[in-house]
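So you can see what is in the structure, the chains are spelled out below.
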Amino acid sequence: QADISSICTLLKSTDLDTVTDGLKALRGLDAPSAVPDILPLLKHANSHIVRDACRTLAVLGNKDIIPHLEPLLKSPEPAVQKDAQDAIVALRAK
């Protein structure tokens, strides 16, 4: 749990690579407690961060996360739409 908290600290970094590394690290852990720290990243200005957040939530989240992802289906960026849709499909399958 301490490791998860440390990794969640990375998500608040201003360095985009650090945030991405944190999201990727969380995907490899059983860390559903990190979901509240990931949700704000769905509104990040950088689309790559938003996409990585979708992918991470697909792994760690549950069906309750779907309403947070649905607005991204209307994103002007097709890649964001696809990652949000993929995450929704994955969460529905859980």
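Structure: see above.
Source: prediction; values computed, not measured.

A. Summary view of the nonpolar core. One finds Leu-26, Ile-38, Leu-69 and Leu-72 to be the most contacted residues of the largest nonpolar core, which totals 29 residues. Of all elements in the fold, only α1 (2-10), α2 (16-27), α3 (35-38), α4 (47-60), α5 (66-69) and α6 (78-92) reach the threshold of two or more residues within this core. Of the residues forming this core, the biggest block, seven residues, is contributed by α4. For Leu-69, the residues in contact, after removing those within four places along its chain, are Leu-42, Cys-54, Leu-57, Ala-84, Ala-87, Ile-88 and Leu-91.

B. Here's a closer look at the environment of His-44. Examined against the element boundaries, His-44 turns out to sit in the loop between α3 and α4. If we skip the residues at most four places from it in the chain, His-44 touches Leu-16, Ile-49 and Val-50. At a separation of 2.9 Å, a polar atom in the side chain of His-44 contacts the main-chain amide nitrogen of Asn-46.

C. How the structure looks around the side chain of Thr-56. Locating Thr-56 in the fold gives a position in helix α4. The class of Thr-56 is buried, set by a relative accessible area of 0%. A distance of 2.8 Å separates the side chain of Thr-56 from the backbone oxygen of Asp-52, its partner in a polar contact.

D. How the structure looks around α1. Here α1 has its buried residues at Ile-4, Ile-7 and Cys-8. Here the buried residues of α1 occupy an arc of 105 degrees about the axis, which is enough to place them on one side. Residues Ala-2, Asp-3 and Thr-9 are exposed on α1 and point more than 90 degrees away from its buried face. Packed against the buried residues of α1 are α2 and α3.

About the thresholds
- Residues numbered from 1 in each chain as written.
- Predicted model: local features only at pLDDT ≥ 70, side-chain atom pairs only at ≥ 80, totals over all residues.
- Heavy atoms only, no water.
- Core = buried A, V, L, I, M, F, W, Y, C linked by side-chain atoms within 4.5 Å.
- Buried < 20%, exposed > 50% of the residue type's maximum accessible area, 1.4 Å probe, protein only.
- Helix = DSSP H or I, 4+ residues; strand = E, 2+ residues; numbered from the N terminus.
- Contact = heavy atoms within 4.5 Å.
- Polar contact = N/O pair within 3.5 Å; in protein donor to acceptor, adjacent residues only side chain to side chain.
- Arc of directions from axis to C-beta.

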